[in-house]
Amino acid sequence: MSGKPKVAFYWCASCGGCEETVVDLNEDILKVVDAVDIVLWPVALDFKRRDIEAMADGEIAVSFINGAVRLSEQEEWVELLRHKSNLVVAFGSCAHLGGIPGLGNVANRELIFQRKYVAVPTADNPDEVFPSEAVTVDGTETEGPYDLDLPSFYDTVKTLDQSIDVDYYLPGCPPPSNLVWDAVTAILEGKLPEKGTVLAPNRTLCETCPRNETKPEELTISEFKRVATSTPDPEECFLAQGYICMGPATRSGCGERCISGNMPCRGCFGPPDGVVDQGTKILSAIASIIDSTDKQEIERITGAIADPLGTFYRFSLPGSLLGRTRMGG
Ligand code: SF4
Ligand code: SF4
């Protein structure tokens, strides 16, 4: 035993981008490896569940968990890590607020399976066979060394804190390496803020945006544009040009990565403190700058917003007041 603090990384419903950001620490990762023992990191190291189960409760100093909770297996893993960890950090948008996998909450398991295994043009499944949680061979459910169980696929995607108690949140899709490094050093040095803190500045992106000076005091919109069909001016505030930018309802700390690439903010850092629902916040901001009081004209202007739910709740649907689309009647 080295006596160094033990650290775990785990992924649930995620794309792997959050793992990439750890690798992006570059040579600083050597300092992390020097200071801690990594006891779990499925993307890079071959530890098993039984290794974690054999640990004492609280033995892991901190678990960084990325991804939303979509499967029963993910829920079992995060519950296990919660028991074994002193601290749990929700790492990245999906663990924090649901992220892109959380947009699955516009449907349910049945609709998703129908689409994926039957309706897509590439599916050849006339008997409509779907994944099942246990496998039956010759009329007998498999068991023993050949036992094959699949996890349950939940109807609803959950944020990490809808499954387990979470100590801190690292926002972003993915979180930038400097915030990861700051979080790791704060944990190692015991300089931690109040439980529940989002480990990023508590300001809106507009406050740090290099285009802020071009945002008019009296902003109005008479026409919405899309980056798919027109190119924004590279200096002017996106909202002032008619492009939906989530900056007014989004926490800063990302380094304005999208703005620098001439893309409006999509909201991956979630809202700043005090904003309960990021989507409602930006909706209210946008509603207040529509340049008309005429109902038909307002409908014409707002009708140009493609996929409002996916735009305003792109990263936050499971963690929002809505949570999911209501299915059925
Ligand atoms: S609305 Fe977007 S582009 Fe405009 S100042 Fe805010 S973050 Fe910057
Ligand atoms: S500009 Fe917005 S979407 Fe882009 S990284 Fe920053 S918070 Fe995320």
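None of these values were measured; they are calculated from a predicted model. (Residues numbered from 1 in each chain as written. Chains lettered and ligands numbered in written order. Predicted model: local features only at pLDDT ≥ 70, side-chain atom pairs only at ≥ 80, totals over all residues. Heavy atoms only, no water.)

Draft legend 1. Highlighting the site of ligand 1. Near ligand 1, the surroundings consist of C206, C209, N212, K215, C237, F238, L239, C245, G247 and P248. Partitioning the shell around ligand 1 into residue classes produces 7 nonpolar, 2 polar and 1 charged. (Near = heavy atom within 4 Å. Nonpolar A, V, L, I, M, F, W, Y, C, P; charged D, E, K, R; others polar.)

Draft legend 2. Summary view of the pattern of salt bridges. Under the criterion given, the structure shown has 15 salt bridges. One salt bridge in this structure joins D28 and K31, with 2.9 Å as the shortest N-O distance. With a gap of 3 residues between them, D28 and K31 both fall in helix α2 (residues 28–35), about one helical turn apart. Two residues, E299 and K295, come together in a salt bridge whose shortest N-O distance is 3.1 Å. Remark: K295 and E299 occur in helix α12 (residues 295–302); sequence separation between them is 4 residues, near one turn of the helix. By relative accessible area, which is 46% here, E299 ends up partly exposed. Given a relative accessible area of 61%, K295 falls into the exposed group. Salt bridges here are not isolated pairs; linked through shared partners, they connect R82, D165, D167 and K195. (Salt bridge = Lys/Arg side-chain N within 4 Å of Asp/Glu carboxyl O. Helix = DSSP H or I, 4+ residues; strand = E, 2+ residues; numbered from the N terminus. Buried < 20%, exposed > 50% of the residue type's maximum accessible area, 1.4 Å probe, protein only.)

Draft legend 3. Region of the structure containing the domain arrangement of the protein. Here the protein is partitioned into domain 1 (6–101 + 155–189), domain 2 (113–154) and domain 3 (205–312). Just the C-alpha atoms count here: the centres of domain 1 and domain 3 sit 31 Å apart. Taken residue by residue, the interface counts 9 residues in domain 1 and 8 residues in domain 3. Overall, the association of domain 1 and domain 3 removes approximately 580 Å² of surface from exposure, summing both partners, and the carbon and sulfur fraction of that is 62%. The interface formed by domain 1 and domain 3 contains 0 salt bridges. Between domain 1 and domain 3 we count 2 residue pairs in polar contact (both at pLDDT 80 or more) in total. (Domains from an automatic or database assignment. Contact = heavy atoms within 4.5 Å. Buried area = accessible area lost by both parts, 1.4 Å probe. Polar contact = N/O pair within 3.5 Å; in protein donor to acceptor, adjacent residues only side chain to side chain.)

Draft legend 4. Layout of the site of ligand 2. Near ligand 2 you find L205, T250, C254, R257, C258, C265, R266, G267, C268 and F269, and these make up its full shell. Grouping the amino acids of the shell around ligand 2 by side-chain chemistry returns 6 nonpolar, 2 polar and 2 charged.

Draft legend 5. View of the environment of F130. Mapping F130 onto the fold places it in the loop between α6 (109–119) and β6 (136–137). Residue classification places F130 among the partly exposed residues on the basis of a relative accessible area of 29%. In this structure, the C-alpha to C-alpha distance between F130 and E110, residues 20 residues apart in sequence, is 9.9 Å. Sequence-distant contacts of F130, defined by excluding residues within four places in its chain, comprise F113, Q114, Y117 and V118.

Draft legend 6. Structural view of the pairing of strand β5 (residues 85–91). Burial within β5 is extensive, with 6 of its 7 residues counted as buried. Sheet topology note: the strand β3 (residues 60–66)/β5 ladder contains 6 bridges and is parallel. Bridge pairing links I65 to A90 in β5. The pairing of β5 with strand β9 (residues 168–170) spans 3 bridges and is classified as parallel. By the bridge assignment, A90 is partnered in β9 with Y169. (Pairing = 2+ DSSP bridges.)

Draft legend 7. Region of the structure containing unusual backbone geometry. In this model, C173 is joined to P174 through a cis peptide bond whose omega is -5°. Within the element layout of this structure, P174 appears in the loop between β9 and α7 (177–188). One non-glycine residue, N262, lies in the positive phi region at around 60°. With respect to the helices and strands, the residue N262 is situated in the loop between α10 (257–260) and α11 (278–287).

Draft legend 8. Broad picture of the packing of α2 against α7. Two elements in contact, α2 and α7, have axes separated by 12 Å at closest approach and are oriented at 25°. When the axis of α2 is compared with that of α7, the two are roughly parallel. Note on packing geometry: the crossing formed by α2 with α7 is left-handed. For the pair α2 and α7, the contacting residues are D28, K31, V32 and A35 in the first and W181, V184 and L188 in the second. (Axes fitted to C-alpha atoms, helices over the stretch in contact; angles between N-to-C directions. Parallel < 35°, antiparallel > 145°, perpendicular 65-115°, else oblique. Left-handed = near helix turned anticlockwise from the far one by under 90°.)

Draft legend 9. Fine view of the environment of E213. Mapped onto the secondary structure, E213 falls in the loop between α8 (205–208) and α9 (238–241). Separated by 24 residues in sequence, E213 and C237 place their C-alpha atoms 8.0 Å apart.

Draft legend 10. Highlighting the environment of F153. With respect to the helices and strands, F153 occurs in strand β8 (residues 153–158). Sequence spacing of F153 and L309 is 156 residues, and the spatial spacing of their C-alpha atoms is 23 Å. Contacts of F153, omitting those with residues within four sequence positions, involve R70, L71, R109, I112 and F113.

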